[in-house]
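Breakdown of the fold
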Amino acid sequence: MTANRIALVTGASRGLGRSAALALAARGVRVVATYRGDATGAEETAQQVQAAGGTAALVRLDISDVSSFGAFTSELGDLLEGGGFASRHRGQQRGVGVFGPLEAVTADDFDAVFGTNVRGTFFLIQTLVPLLAQGARIINVSSSLTRHTSPATSVYSASKAAVEALSRTLAAELGPRDIRVNSIAPGPTATDFNGGAMRDDAEMRQGLAGRTALGRVGEPEEIGDAIATLASEGLRWMTAQRIEVSGGALL
Ligand SMILES: NC(=O)c1ccc[n+]([C@@H]2O[C@H](COP(=O)([O-])OP(=O)(O)OC[C@H]3O[C@@H](n4cnc5c(N)ncnc54)[C@H](OP(=O)(O)O)[C@@H]3O)[C@@H](O)[C@H]2O)c1
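Described in the following lines is the structure provided in the data block. As the structure is a computational prediction, the values presented were derived from the model and not from experiment.

Along its length, the protein carries eight helices and seven strands. Taking 251 residues into account, the globule formula puts the C-alpha radius of gyration at 18 Å, and the protein, at 17 Å, falls close to it. The dimensions of the protein, computed from C-alpha atoms along their principal axes, are 50 × 35 × 35 Å. Buried positions account for 48% of the 251 residues belonging to the protein. If you take every contact in the protein between residues at least 6 apart in sequence, the share linking residues at least 24 apart comes to 74%. When the 23 positive and 25 negative side-chain charges of the protein are each reduced to one mean point, those points stand 8 Å apart.

Here you go:
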């Protein structure tokens, strides 16, 4: 059932993107993994996919650089034709976080967050939708921070709220083409994100654990598995939803 499935996983050089690539590959989905600057990390992702018996191709993509999307699409097209990859594609988008209290956020910070998380996500979907087959899924990565609040996260949270709104609206727009659009909202997860704080800062981890139903922060594999499950046939009737995967953080 998954033989003709291909997933484009953005930001797959590490963190949640890598875990999503691995989880999809473990379910027999061929992966096109993108990275922005960390070619070595992306190679590692590809090697891990291959070691697990999967297939991964790598393409560089900076989601904040909308002007590069045409060239990216051509490269992707060549790759898919050359590799004999067929029919169904799924996408996940990655994002950036710049955190700071109101008075510390600059206009450049604001533009960097919205330029990647919202503008980049929107125009990448616009660019790639013509490549998508019937039954394709688009999975955008939001955050539990659209439900609960935390100091100094206003711009990031607002960008993720925008991602959720885009996802719902595009679900309505793309439904007639048999394309599903959902967003997944991870809670605090141990990756490089936010300077690796959720992985390395014992005090922060303990504080978050005490406010999480399952009593700890998440591991990247738990988000990767959720993304792969969301992309599976069993959830083919689900669209326009926000699915939180946070172990019950800050309920
Ligand atoms: N970790 C958490 O606690 C958490 C919670 C909620 C939501 N999220 C969301 O989950 C997503 C992934 O976070 P993560 O924890 O995996 O972070 P991470 O470990 O820091 O990884 C970030 C990834 O995004 C890529 N990236 C950054 N800027 C990019 C750009 N402009 N264009 C393309 N790729 C870019 C990086 O590529 P390079 O390495 O090549 O630069 C890297 O692969 C983000 O959208 C984040 O907002 C994370």
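Let us keep going from here.
For the rest of this paragraph, the subject is the site of the ligand. In the region of the ligand, 31 residues are neighbours, and Ser 13, Arg 14, Leu 16, Tyr 156 and Thr 191 sit closest. Within the side chain of Thr 191, one N or O atom sits 2.5 Å away from an oxygen atom of the ligand. Bound to the protein, the ligand loses 96% of the 900 Å² it would expose on its own. Sorting the residues of the shell around the ligand by element identifies helix H1 (15-26) and helix H5 (154-174) as the ones contributing at least two each. The residue makeup of the shell around the ligand, split by class, is 12 nonpolar, 12 polar and seven charged.

For Arg 137, the position within the fold is in strand E5 (residues 137-141). What makes Arg 137 buried here is its relative accessible area of 3%. Sequence spacing of Arg 137 and Val 118 is 19 residues, and the spatial spacing of their C-alpha atoms is 18 Å. Only 3.3 Å separates the side chain of Arg 137 from the backbone oxygen of Gly 135, close enough to count as a polar contact. At 3.2 Å, the side chain of Arg 137 forms a polar contact with the backbone oxygen of Ala 231.

All told, the structure shown has 12 salt bridges when counted by the stated rule. Here Asp 192 makes a salt bridge to Arg 14, at a shortest N to O gap of 3.2 Å. Of the two residues, Asp 192 sits in the loop between strand E6 (180-186) and helix H6 (197-200) while Arg 14 sits in the loop between strand E1 (5-9) and H1, which places them 178 residues apart along the sequence. Among the residues examined, Arg 14 registers a relative accessible area of 38% and is labelled partly exposed. Note that Glu 44 is salt-bridged to Arg 18, the shortest N-O span being 3.4 Å. Taken as a pair, Glu 44 in helix H2 (residues 39-51) and Arg 18 in helix H1 lie far apart in primary sequence, 26 residues in all. For Glu 44, a relative accessible area of 38% translates into the label partly exposed. The class of Arg 18 is buried, set by a relative accessible area of 16%. One continuous salt-bridge network, built from bridges that share partners, spans Arg 14, Asp 192, Arg 199 and Asp 200.

Our focus in this paragraph is the pairing of strand E3 (residues 56-60). Regular strands place side chains that alternate from one sheet face to the opposite one. As defined by bridge partners, strand E2 (residues 30-35) adjoins E3 across five bridges and the pair is classed as parallel. Residue pairing in the sheet places Ala 33 in a bridge with Leu 58 of E3. Running through H2, the crossover from E2 to the neighbouring parallel element E3 is right-handed.

With 13 residues, H2 extends 18 Å between its outermost C-alpha atoms, agreeing within 8% with the 18 Å of an ideal straight helix rising 1.5 Å per residue. Those residues of H2 that sit buried are Gly 41, Ala 42, Thr 45, Ala 46 and Val 49. All buried residues of H2 project into a common sector of 145° when viewed along the axis, lining one side. Every exposed residue of H2 that faces more than 90 degrees away from the buried side is listed here: Thr 40 and Ala 51. Where H2 ends, the next residue or the one after it, Gly 53, has phi of about 90°, a positive value.

The description of an aromatic ring pair uses the distance of the two centres, along with the angle that the planes make with each other. The tally for this structure, following the rule as stated, stands at five aromatic pairs. Plain terms: the ring middles of Phe 122 and Phe 123 are 4.9 Å apart, the flat faces sit at 90° to each other, and that makes the pair edge-to-face. Assessed through its relative accessible area of 32%, Phe 122 is described here as partly exposed. Overall, Phe 123 belongs to the partly exposed group, its relative accessible area being 28%. Relative to Phe 193, the ring of Tyr 156 has its centre 5.5 Å away and its plane inclined at 45°; by these criteria the two rings are tilted. Here Tyr 156 is found in helix H5, whereas its partner Phe 193 is found in the loop between E6 and H6, with 37 residues between them in sequence. The rings of Phe 99, Tyr 156 and Phe 193 are connected pair by pair, giving a single aromatic cluster.

So, how was this worked out
Residues numbered from 1 in each chain as written. Predicted model: local features only at pLDDT ≥ 70, side-chain atom pairs only at ≥ 80, totals over all residues. Heavy atoms only, no water. Helix = DSSP H or I, 4+ residues; strand = E, 2+ residues; numbered from the N terminus. Rg over C-alpha atoms; globule rule 2.2 N^0.38 Å. Buried < 20%, exposed > 50% of the residue type's maximum accessible area, 1.4 Å probe, protein only. Contact = heavy atoms within 4.5 Å. Lys, Arg positive; Asp, Glu negative; His and termini not counted. Charge placed at Lys NZ, Arg CZ, Asp CG, Glu CD. Near = heavy atom within 4 Å. Polar contact = N/O pair within 3.5 Å; in protein donor to acceptor, adjacent residues only side chain to side chain. Areas by Shrake-Rupley, 256 points an atom, 1.4 Å probe, with all protein chains shown as cover. Nonpolar A, V, L, I, M, F, W, Y, C, P; charged D, E, K, R; others polar. Salt bridge = Lys/Arg side-chain N within 4 Å of Asp/Glu carboxyl O. Pairing = 2+ DSSP bridges. Right-handed = clockwise from strand over helix to strand, strands pointing away. Expected span 1.5 Å × (residues − 1). Arc of directions from axis to C-beta. Phe/Tyr/Trp six-rings, centres within 6.5 Å; stacked < 30°, edge-to-face > 60°.

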